[in-house]
Amino acid sequence: MGRKHISLLLAVLLVFFGIAGQVLKAEGQGAGLSRTAPEAVAYVGEGRGCYGAIIVEVTLEGNKIKDIRILQHNESPGVGAEAAKLIAEEIIKYQSIAVDAVSGCTKSSNGVMAAVEQALGKAGVNIDDYWKKPDKITARIGNIEKTADVVVIGAGGAGLAAAVSAHQNGARVLVLEKMPMVGGNTIRSGAAYNAVDPKRQSALGIEDSIEKHYIQTYEGGDRLGKPELIRTLIEKAYPALEWLESMGMKFKDEIFTVLGSLWPRSHKPEKPLGTGYIETYMNYIEQQGSEIEVMLNTRATELIVENGRVVGVEAENEEGTVTAKANNGVIIATGGFSANVMARNHYNNMWPDLTNIKTTNHPGATGDGMWMAEKAGARLIGMEQIQLLPMGDPETGSLSGNIEQGVENRIFVNKYGNRFVDEGARRDVMTKALFQQPDCYMWVILDKHSYPTPDTRNNFNETIEQLVEDGTAFKADTLEDLARQIGVDPANLVRSVETFNMAVEKKIDDPFGRTLFEDKIDTPPFYAGARVATVHHTMGGIEINTKAQVLDNSGNIIPGLYAAGEVTGGIHGSNRLGGNAIPDTVVFGKIAGESAAKAE
Ligand code: ADP
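All values derive from a computational prediction rather than experimental measurement. (Residues numbered from 1 in each chain as written. Predicted model: local features only at pLDDT ≥ 70, side-chain atom pairs only at ≥ 80, totals over all residues. Heavy atoms only, no water.)

## Observations regarding the overall build of the protein
A tally of helices and strands in the protein yields 16 helices and 21 strands. Taken over C-alpha atoms, the radius of gyration comes to 26 Å for the protein, in line with the 25 Å a tight globule of 600 residues would show. Its C-alpha atoms give the protein principal-axis dimensions of about 85 × 70 × 45 Å. Among the 600 residues that make up the protein, the fraction classed as buried is 57%. For the protein, restricting intrachain contacts to residue pairs at least 6 apart in sequence, the fraction spanning at least 24 positions comes to 71%. Where the 59 positive side-chain charges of the protein centre and where its 76 negative ones centre are 1 Å apart. (Helix = DSSP H or I, 4+ residues; strand = E, 2+ residues; numbered from the N terminus. Rg over C-alpha atoms; globule rule 2.2 N^0.38 Å. Buried < 20%, exposed > 50% of the residue type's maximum accessible area, 1.4 Å probe, protein only. Contact = heavy atoms within 4.5 Å. Lys, Arg positive; Asp, Glu negative; His and termini not counted. Charge placed at Lys NZ, Arg CZ, Asp CG, Glu CD.)

## A closer look at the sheet that holds strand β6 (residues 193-194)
Pairing within the open sheet is antiparallel, and its 3 strands lie in the order β6-β8-β7. Only two strands of the sheet have a single partner each, and these edge strands are β6 and β7 (251-256). In this structure, β6 lies alongside strand β8 (residues 266-269), joined through 2 bridges in antiparallel fashion. Opposite N194, over in β8, you have S266 as the bridge partner. (Pairing = 2+ DSSP bridges.)

## Observations regarding the pattern of salt bridges
According to the stated counting rule, one finds 31 salt bridges in the structure shown. Residues R200 and E245 are paired through a salt bridge, measuring 2.8 Å at the closest nitrogen-oxygen approach. Residue R200 is found in helix α6 (residues 200-203), and its partner E245 is found in helix α8 (residues 227-246); the two are separated by 45 residues along the sequence. Its relative accessible area of 6% is what places R200 among the buried residues. Ionic pairing is found between R531 and D393, a salt bridge with its closest N-O pair at 3.8 Å. Taken as a pair, R531 in strand β18 (residues 526-538) and D393 in the loop between β14 (386-392) and β15 (411-413) lie far apart in primary sequence, 138 residues in all. Judged on exposure class, the residue R531 and its partner D393 are both buried. Counted as one network, the salt bridges with shared partners bring together D197, R200, E245 and D253. (Salt bridge = Lys/Arg side-chain N within 4 Å of Asp/Glu carboxyl O.)

## Examining the sheet that holds strand β1 (residues 40-49)
The strand order across the open sheet formed by 3 strands is β1-β2-β3, and the pairing between neighbours is antiparallel. The open sheet is flanked by β1 and β3 (64-72), the only strands paired with a single partner. Sheet twist, expressed as the average angle between the axes of neighbouring strands with direction ignored, equals 25 degrees. Bridge analysis of strand β2 (residues 52-61) against β3 gives 7 bridges, and the strand direction is antiparallel. Considered in β3, the bridge of T59 is made with D67. Packing against the sheet, helix α3 (residues 106-123) makes contact with β1, β2 and β3, and its axis sits at approximately 140 degrees to β1. (Axes fitted to C-alpha atoms, helices over the stretch in contact; angles between N-to-C directions.)

## Focus: the packing of aromatic side chains
Within the structure shown, the criterion is met by 13 aromatic pairs. Between W243 and Y281, the ring centres sit 6.4 Å apart and the planes meet at 45 degrees, which makes this aromatic pair tilted. Here W243, found in helix α8, pairs with Y281, found in helix α9 (residues 275-287); they are 38 residues apart in sequence, far enough to count as distant. Judged by its relative accessible area of 1%, Y281 is buried. (Phe/Tyr/Trp six-rings, centres within 6.5 Å; stacked < 30°, edge-to-face > 60°.)

## Section: the site of the ligand
Surveying the vicinity of the ligand reveals 27 residues, the closest of which are A158, E177, T186, D368 and E566. In the model, a nitrogen atom of the ligand is placed 2.9 Å from a nitrogen or oxygen of the A300 main chain. In the environment of the ligand, an oxygen atom lies 2.8 Å from a nitrogen or oxygen atom belonging to the backbone of E566. Taken by itself the ligand offers 580 Å² of open surface, and the protein chains cover 98% of this. Those elements giving two or more residues to the shell around the ligand turn out to be α4 (157-168), α5 (184-188), β10 (299-306) and α11 (368-375). (Near = heavy atom within 4 Å. Polar contact = N/O pair within 3.5 Å; in protein donor to acceptor, adjacent residues only side chain to side chain. Areas by Shrake-Rupley, 256 points an atom, 1.4 Å probe, with all protein chains shown as cover.)

## Concerning the environment of A123
Mapped onto the elements of the fold, A123 is located in helix α3. Taking the relative accessible area as the measure of exposure, A123 reaches 21% and is therefore partly exposed. With 366 residues separating them along the chain, A123 and D489 place their C-alpha atoms 54 Å apart. Not counting residues within four places of it along the chain, the set of residues in contact with A123 comprises Y43 and L60.

## Topic: the environment of T431
Residue placement: T431 occurs in helix α12 (residues 427-435). Note: C-alpha distance between T431 and L389 (42 residues apart in sequence) is 5.9 Å. Once residues within four sequence positions are removed from consideration, T431 is found in contact with W351, L388, L389, P390 and A533.

## Regarding the side chain of R426
With respect to the secondary-structure elements, R426 resides in the loop between β15 and α12. Looking at R426, its side chain comes within polar contact range of the main-chain oxygen of E219, at 3.4 Å. Among residues more than four places away in sequence, those in contact with R426 are E219, G220, D222, L262, S574 and N575.

## Describing the packing of helix α14 (residues 479-486) against helix α15 (residues 490-506)
With their axes 8 Å apart at the nearest point, α14 and α15 run at an angle of 130 degrees to one another. Overall, the two elements α14 and α15 adopt an arrangement that is oblique. Read as a crossing pair, α14 and α15 show a hand that is right-handed. Packed against α14, whose contacting residues are L479, E480, L482, A483 and R484, the element α15 presents P490, L493, V494 and V497 at the interface. In terms of residue class, the contact of α14 with α15 is built from 7 nonpolar, no polar and 2 charged. (Parallel < 35°, antiparallel > 145°, perpendicular 65-115°, else oblique. Left-handed = near helix turned anticlockwise from the far one by under 90°. Nonpolar A, V, L, I, M, F, W, Y, C, P; charged D, E, K, R; others polar.)

## Considering unusual backbone geometry
Most peptide bonds are trans, and most residues other than glycine sit at a negative phi. The peptide bond linking P524 to P525 adopts the cis configuration, its omega dihedral lying at 0 degrees. Secondary-structure assignment places P525 in the loop between α15 and β18. The phi angle at D222 is positive, at roughly 60 degrees, despite the residue not being glycine. One can find D222 in the loop between α7 (210-220) and α8. Of note, C440 is a non-glycine position whose phi angle comes to about 55 degrees, a positive value. Of note, C440 is situated in the loop between α12 and β16 (441-446). Residue C440 is classed as partly exposed on the basis of its relative accessible area of 30%.

## Concerning the nonpolar core
One finds I91, L120, Y193 and Y281 to be the most contacted residues of the largest nonpolar core, which totals 144 residues. Per-element accounting of this core gives the leading share, 10 residues, to α8. Look past the residues within four positions of I91 in its chain and what remains in contact with it is I65, I68, S96, I97, V99, V112, M113 and V116. W443, L479, A483 and A503 belong to the second-largest nonpolar core, a separate cluster that totals 21 residues. (Core = buried A, V, L, I, M, F, W, Y, C linked by side-chain atoms within 4.5 Å.)

If you want it as structure tokens, here you go:
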């Protein structure tokens, strides 16, 4: 029985036996220590998060919220789950439910607040007292001075890889992260990691080579990526995966083809979403004590440049300004700008107006590092190269709720039930085709092959039953019934699936030229999920060389400045292959850490 189930059982028992609301003895009570101290009383409350119920136990001493325990939840590990924890801490700190939701995790935050409110309601206290906006005036310390060998801006995949690598190369490291939690987009991602793998691919009979991965990446980006950067990425992807394994990270033996990756070479971590990467780095970091410091809620604002060399970073947080001096170098790892509508509209020339297109990204993906670097003389390249996916949730733009499990076993149909594209094509090709469909949305159609058991999870840790229950996915025993549920023409849907099944048999897809197949869609239950275009990745950014050193407008190195991950440009060209972003963060994060640590 998992921890969640034990917690749920406990909550159910508490409610069933009417224990909730009864007195639980506070420590020291009954020992005659204090007759007047209020008794500790626990109440259970329930709210709705992103993925169903959040059940909390609130302990009150008199009117004071002494403790909040989250007994049950289904929120995403490292994201919604982390937000729920942060909100519980804030509520206790400020004795108020009216705390600010963690940005990017509104539903999880509101779920905890609602659960606490319900528990307080059971306690019979005056709820209005707890809805007062907290007075959050934090003592301003003024200017905080910090010095490290290497200062890293951003605690997503690339920043944390860089921090670990810099430390392994002898540096003391300071990481500045503007959000209240680490992980960036990396922790929210589907986590696919492309690498030519001598072990896993050959065990499955998949032919692959460095050359093939290189060509697909170069051609897939319309030959706009810099060959030497692509080569570094492709050649070092597998050694970087082994580096992660050496720190305890586990990957499954299964290899799959993630959306738009063009070939089966995507690896899946054992842990859900991108938590495996972030936990691996954070475990390492936590073991180093004060040698690696991570400052959360601390936003870098400017690079400090002295005599043409970058020597530190100005930042700010609730307590004041932070001046972080770097003995050796500064690494920018602040990710892309998909969540910055103004910037993407400014640079976009590939797509129709992007103002109302949602994004898969977390709200911190605003491109800060690019503007800071540009101000310090760095060259930004390929800024118009913005990646959209055809796979966003129609309400939120998020990738979660995406029912596909890989490219081979699903098709896309438009609102009439007709296929319209090679579903194994490049991401930009599929998204452009989607924009040409009526009302610009599509249905992903698949069958039991993708969900052999009810507890099979998608890349976002969701089961199909969960998705059907909350209305994100539809399920039926026949294609006709599925068509009726989603409002498409049943005859068209049946024909689309039949023609696809013939293509699987003959390995020839006449209308669309698809080449990636595995099973037919012929085994009930059948499933459908609606998807729209969503902004996913910005391929442009700071120009670097193969040592992750930042270059200026004349191609010269800017001393003391390094960059890695989505903040950089020039690798993926006009279209990033699915599954190439995470190895980009690991490979170039690791290189940046090493280069900065060894800088004179
Ligand atoms: P990558 O995949 O390249 O590592 P991520 O999106 O995973 O990119 O991580 C980038 C991180 O940088 C995020 O956690 C984001 O909040 C952080 N970040 C962005 N801008 C700043 C800033 N100005 N100061 C500090 N951290 C920042």
